[in-house]
Amino acid sequence: MTESHQGWPLYEVFIRARAGLDHKHVGSIHAADPAMAVEHARDVYTRRGEGVSIWVVPAAAITASDPDEAGALFEPARDKVYRHPTFYDIPDQIETL
Amino acid sequence: MYTQGLDQAGYDTGYAQDDAALAQRFQARVDAEDKIEPKDWMPDAYRRTLVRQIAQHAHSEIVGMLPEGNWITRAPSLRRKAILIAKVQDEGGHGAYLYSAAETLGVARETLVDQLLSGAAKYSSIFNYPTLTWADAGAIGWLVDGAAIMNQIPLCRCSYGPYARAMVRICREESFHQRQGYELMLALCRGTEAQKNMAQGALNRWWWPAVMMFGPSDRDSKHTTQSQRWKIKRFTNDELRQKFVDFTVPQAEFLGLTIPDPELRFDADTGHYEHGPIDWSEFDAVVKGNGPCNRERLAARRTAHEEGRWVREAAAAHAAKQALRRAAEAR
Amino acid sequence: MANDPRFDYALHLADNALVLAQRLGAWVGHAPELEEDLGLANLALDLLGQARLCYAYAAEIEGRGRTEDDFAYFRDEDEFRNCLLCEQPNGDFGHTIARHFYFSAYQQALYTALAAGPDARFAEIAAQGLRETRYHVRYSANWLVRLGDGTAESHARAQAAVDTLWPYVHELFESAAVDRAASAFAPAPESLRSAFERTLEATLAEATLRMPSDDWQPRGGKDGRHSEHLSYLLAEMQSLARAHPGARW
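Per chain, residue numbering runs from 1 following the sequence as it is written. Numbering of ligands from 1 and lettering of chains from A proceed in the order in which they are written. The predicted origin of the model limits local features to residues at a pLDDT of at least 70 and limits the giving and counting of side-chain atom pairs to 80 or more, whereas totals for whole chains, interfaces and linings rest on all residues. Each side-chain value is worked out from all heavy atoms of the structure, with water and hydrogens disregarded.

Requested: an account of the overall build of chain A, with residues and values cited.
A run of H or I in DSSP becomes a helix once it reaches four residues, and a run of E becomes a strand once it reaches two; helices and strands are each numbered from the N terminus. A count of helical and extended segments in chain A gives two helices and three strands. Each helix and strand of chain A, ordered N terminal to C terminal, gives the series β-β-α-β-α. For this measure, only C-alpha atoms enter the radius of gyration; the expected value for a globule follows 2.2 Å times N^0.38, where N is the number of residues. Over its C-alpha trace chain A gives a radius of gyration of 21 Å, far above what one expects of a compact globule, namely 13 Å for 97 residues. Seen through its principal axes, chain A has C-alpha atoms that stretch 75 × 35 × 15 Å.

Below is the structure:
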């Protein structure tokens, strides 16, 4: 068996920094299998106690939006000002709203 | 630790005609301090420049594990041994962050490693100097990591998002390196005569290589402008070098050590230290592969890679077997 | 008081951890893959931390002002109380993994018992170490399985490593003077063997490796009679400190 030119597959790493927070993308590592990916993510990205939970995802499994479609995907949400609380005028006397 | 090669290899700046509009939009985003992300359009030359610079930076971290790693087994106290292992480990971690950033540009780590091992890729020439005494481990932290920080802090604002984010992480850890190096030197300088001599010897050997880490003088560096326009680079080599000298000279004075530059003097008018002429012929020789340790460093990396091959293959083979077993169970 | 059995026992635990940490430290920068440089460094740092806690306790029990560095750097080979397994050379990655798996599986059983033992300080040190040791077992067992059940070459290398290091396992589970003197607060090594063997058998089976055979059973490390390897290890580790006696670093 010869080593593929690609080496071990790439995994993207997501870390929960503290209980109650979302997992956040921090970078990637290489690993042969998922268990190794968790160990490598731990050794590379949490040496200073940066995390309490790790997700690893094969990079090949991620589907990302296309930057060229950013306009079509995200611009329509921009002009829906009525979705935001500041759109509504409420008299000052009503303090609890 | 650090990037120095950014001014060395060939560069191309032009865009194809039909990309002109995209290029204009790209430059406008860079000018507006917008971050460029992996899937965004970018000029080929920008991509190539980044891959080269990030890879050189990553390789420097990896090769940079060796000179200090040389003292792990001989560290003179358990506290120092733990600090040094953690520090060398951080260099490896920085290499990993940077390979990760380079891979977002579409180049596999394996390819980058091959380029390092074949000698095609450069790494910072500073790591081709030997660590002859324990004080060298301190001098590297103090001077080499100190110089690296000068370079790296501006890179945290680099226009390419994944590189900038990797640099933020690295810079946070790098200041620990510089402080531990200085503290190590301080312990030696407050110690016995022999320890102080050891510290002075290390400063004598590492001062000029550290000063050269910033790369050729601006007068001889033709690429600075394009890199600055792309906001990959924020300051010129000489600006950063001057800052390093200004910071470091008082630190050496506090240690009671003498900087090995008889022409070094403080210019009251400019508020800066002026250093003597740099021997660029030595720098060129080391960059071309003829430094004291170029051969050993690459040989050590090649040996680790070759001797690790069966391990990497085993893990890949086991993962493939496991995947087949899972597929069979699912059926 | 130097005759306190806790003193010798603390040194024994510390020496095991330090000598193995010293071996692992030599890997940093030379591992089969970058991420493993970091992984092996973490193992070394964990063990070094455990060694320092144990030396600190030994120093406290002795009460003569000796420090962790006096114990690590200014004792001779015959004063080291580590098991022979810990001082065996790194060999290839397979040997390092097999050595680490044997030791960690033993240490997990030992720390589990010590953590529930009557001596508060040993219990505290063991409880803290146990968290690390559990990871070491996981890390080394996972690797042993990958190597054993990987390629034909890796299988042969893993089997050779497991076989070569097996003789040194017996000493871990045999009472020496240091263990007998510690019977009031530390488990008898023999009592740890069944937990160790459960971990071992499950891992070897998954790794498709066969159990090594019991013939040669060297011992003596815990009494200060070591293999040839330890004096080289110490010569390197202690050289700088001994060249500058009394210096502070």
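There's more to say after this.
Quick one: what's the story with the interface of chain B and chain A, residue by residue and with numbers?
Contact residues are listed per partner, giving 25 residues for chain B and 23 residues for chain A. For the pair chain B and chain A, the summed buried surface comes to about 2,100 Å²; carbon and sulfur atoms form 51% of the total. Salt bridges are identified by distance alone: a Lys or Arg side-chain nitrogen within 4 Å of an Asp or Glu carboxyl oxygen. Between the two partners, chain B and chain A, sit four salt bridges. Across the pair Glu173(B) and Arg47(A) runs a salt bridge, and its minimum N-O distance is 3.0 Å. What qualifies as a polar contact is a pair of N or O atoms within 3.5 Å, subject to a donor-acceptor requirement within protein and to the restriction that residues adjacent in sequence count only when both atoms come from side chains. Where chain B packs against chain A, one counts ten residue pairs in polar contact (both at pLDDT 80 or more). Within the residue set of the side of chain B that touches chain A, elements represented by two or more residues are helix H4 (78-103), helix H5 (109-118), helix H7 (161-189) and helix H13 (309-330) of chain B. Element by element, the count of residues in the side of chain B that touches chain A is highest for H13(B), at eight residues. Grouping the amino acids of the side of chain B that touches chain A by side-chain chemistry returns nine nonpolar, four polar and twelve charged. Between two residues, a contact is recorded if the distance between any of their heavy atoms is within 4.5 Å. The term buried area denotes the loss of accessible surface (1.4 Å probe radius) that occurs when two parts are joined, taken as the sum for both partners. Side-chain classes are defined by residue name, with Ala, Val, Leu, Ile, Met, Phe, Trp, Tyr, Cys and Pro counting as nonpolar, Asp, Glu, Lys and Arg as charged, and the others, Gly among them, as polar.

Can you lay out the interface of chain C and chain B for me, pointing to particular residues and giving the numbers?
With 47 residues of chain C at the interface, the matching set in chain B holds 45 residues. Summed over the three residues of chain C that lose the most area to chain B, namely Leu34(C), Asp149(C) and Trp249(C), the buried surface amounts to 18% of that side. Where chain C touches chain B, the interface holds four salt bridges. In this structure, the salt-bridge partner of Glu33(C) is Arg109(B), at a minimum N-O distance of 3.2 Å. One can count 18 residue pairs in polar contact (both at pLDDT 80 or more) joining chain C with chain B. Considering each element in turn, the side of chain C that touches chain B owes the most residues, eleven residues, to helix H2 (residues 34-62) of chain C. Tallied by class, the residues present in the side of chain C that touches chain B amount to 23 nonpolar, eleven polar and 13 charged.

Tell me about the environment of Trp216(C), and name the residues and values.
All names here are of chain C. As for its placement among the helices and strands, Trp216 is situated in the loop between helix H10 (193-206) and helix H11 (228-243). Along the primary structure Trp216 and Gly29 are separated by 187 residues, whereas in three dimensions their C-alpha atoms are 34 Å apart. Aside from chain neighbours lying at most four places away, what touches Trp216 is Pro167, Tyr168 and His170.

So what's going on with helix H11 (residues 280-290) of chain B? Which residues, and what values?
Each residue is placed in one exposure class: buried if its accessible area under a 1.4 Å probe, protein chains only, is under 20% of its type's maximum, exposed if it is over 50%, and partly exposed if it falls in between. The set of residues buried in H11(B) consists of Phe283(B), Val286(B), Val287(B) and Gly289(B). As for H11(B), its buried residues are in contact with helix H8 (193-212) and helix H12 (294-307) of chain B.

Can you explain the packing of helix H6 (residues 134-155) of chain B against helix H10 (residues 237-255) of chain B? Please cite residues and give values.
Residue and element names in this part refer to chain B. Orientation is described by axes fitted as lines to C-alpha atoms, over the contacting stretch for helices, and by angles from 0 to 180 degrees between their N-to-C directions. Contact pair H6 / H10: the axes reach a minimum separation of 10 Å and the direction vectors enclose 145 degrees. Between H6 and H10 the crossing geometry is right-handed. For the pair formed by H6 and H10, the contact residues are Trp142, Leu143, Gly146, Ala147, Met150, Asn151 and Pro154 on the first element and Leu240, Lys243, Phe244, Phe247, Thr248, Gln251, Ala252 and Leu255 on the second. Looking at side-chain class alone, the contact of H6 with H10 contains ten nonpolar, four polar and one charged residues. Note on convention: near helix rotated counterclockwise from far helix by under a right angle means a left-handed crossing. Clockwise means right-handed.

Quick rundown of the confidence of the model for chain A? Include the residues and the values.
All names here are of chain A. Scored from 0 to 100, pLDDT reflects the predictor's confidence in each residue. A residue-level look at chain A finds 94% of positions with pLDDT of 70 or above and a mean pLDDT of 88. Per-element confidence in chain A ranges from a low mean pLDDT of 84 for helix H2 (residues 70-74) to a high of 97 for strand E3 (residues 53-58). Every residue in residues 1-5 scores below 50 in pLDDT, and together they form eleven contacts with partners more than four places removed in sequence or on other chains.

A description of a nonpolar patch on the surface should follow, citing residues and the corresponding values.
Together, Val81(A), Tyr82(A), Phe87(A), Tyr88(A), Ile90(A), Ile94(A) and Leu97(A) give the surface a local cluster of nonpolar side chains, amounting to about 740 Å² of exposed area. Tracing the backbone through its elements, the reader meets Phe87(A) in the segment after H2. Think of a patch as exposed residues, more than 30% relative accessible area, with no salt bridge, where like charges cluster within 9 Å and nonpolar side chains (Val, Leu, Ile, Met, Phe, Trp, Tyr) cluster within 5 Å. The Shrake-Rupley method, run with a 1.4 Å probe, gives the accessible areas here. Residue values count only the displayed protein chains as cover.

Before we move on, can you summarise the packing of aromatic side chains with the specific residues and values?
Residue and element names in this part refer to chain B. Each Phe, Tyr or Trp ring, with Trp reduced to its six-membered ring, pairs with another whose centre is within 6.5 Å; inter-plane angles below 30 degrees give stacked pairs, above 60 give edge-to-face pairs, and intermediate values give tilted ones. Evaluation of the coordinates by the stated rule reveals 28 aromatic pairs over all chains. Centroid distance Trp207 to Phe244: 5.9 Å. Interplanar angle 20 degrees. Geometry classified as stacked. Residue Trp207 is located in helix H8, and its partner Phe244 is located in helix H10; the two are separated by 37 residues in the primary sequence. Taking relative accessible area as the criterion, Trp207 reaches 0% and is therefore assigned buried.

Now, about the pattern of salt bridges: what can you tell me, with residues and values included?
What the rule picks out here adds up to 43 salt bridges over all chains. Taking the shortest distance from any N to any O, the salt bridge between Glu91(B) and Lys87(B) comes out at 3.1 Å. You can see Glu91(B) and its partner Lys87(B) sitting in helix H4, four residues apart, about one turn around the helix. In this structure, Glu91(B) and Lys87(B) share a single accessibility class: buried. Here Arg64(C) and Glu62(C) are joined by a salt bridge, their closest N and O atoms 3.7 Å apart. On the basis of relative accessible area, Arg64(C) is assigned to the exposed category, the value being 60%. Shared partners join several salt bridges into a network, and the residues in it are Arg47(A), Arg48(A), Asp90(B) and Glu173(B).

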